[in-house]
Amino acid sequence: GTYIAGVIIVQWVVVACLTLTDPTHACLMKLLHMDALSAAISLPAQAKNTWWVVNMARSFGEDLPQAIQQTLFLIFVRQNYFMIMSVVISVASSLKAFYDALHRAAAALGAESVMQGVEPWNASPMVRDKLNRQKELGLQSPLA
């Protein structure tokens, strides 16, 4: 029941529709568990609420219900201290990811952060294109 409600209905239907409003597709990537890729993309201001919803759905619609079910199994069926430790670490990891999502900076600082001090007109064409795209989305670039 919790898988159908938390994952299929909430994440794959409701939240997936919300991610269509994000022009960078970072929220969709996060929903599809492409965390490293989604973190490397700058979020426009209008996508920040969607970013929070994606992370809330993953933490409270998938990770925590699964942890509750695993804990009940470990209490009532078979106690295994290694598995209890695994559930605790899993919950801590999920809550940390949710916390990080709430405090994520809109601008991604990837390879560009290494290039601080490089003037945009001296940057490569690929970096200039990214800077222009960020300006179109209304984002502050670390190079600007």
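Residues numbered from 1 in each chain as written. Predicted model: local features only at pLDDT ≥ 70, side-chain atom pairs only at ≥ 80, totals over all residues. Heavy atoms only, no water.

1. Let's talk about the packing of aromatic side chains
Using the criterion set out here, one finds two aromatic pairs in the structure. Plain terms: the ring middles of Tyr3 and Trp12 are 6.2 Å apart, the flat faces sit at 85° to each other, and that makes the pair edge-to-face. The interplanar angle of 85° and the centroid separation of 5.1 Å between the aromatic rings of Phe60 and Phe98 together place this pair among those described as edge-to-face. Of this pair, Phe60 sits in helix α4 (residues 48-76) while Phe98 sits in helix α5 (residues 81-102), and the two are 38 residues apart along the sequence. (Phe/Tyr/Trp six-rings, centres within 6.5 Å; stacked < 30°, edge-to-face > 60°. Helix = DSSP H or I, 4+ residues; strand = E, 2+ residues; numbered from the N terminus.)

2. Re the confidence of the model for the protein chain
Reading predicted coordinates in detail is not appropriate for stretches of low pLDDT. On average, residues of the protein chain score 79 in pLDDT, and 79% of them reach the 70 mark or higher. Segment residues 111-115: pLDDT under 50, and eight contacts once partners within four positions in sequence are set aside and those in other chains are kept. (pLDDT = per-residue confidence, 0-100. Contact = heavy atoms within 4.5 Å.)

3. Overview of the nonpolar core
Ranked by size, the top nonpolar core spans 13 residues in total, and within it Val15, Ala26, Cys27, Leu31, Leu43, Trp51 and Val54 carry the most contacts. Every element with two or more residues in this core is listed here: α1 (2-19), α2 (26-31) and α4. No other element matches α2, which puts four residues into this core. (Core = buried A, V, L, I, M, F, W, Y, C linked by side-chain atoms within 4.5 Å. Buried < 20%, exposed > 50% of the residue type's maximum accessible area, 1.4 Å probe, protein only.)

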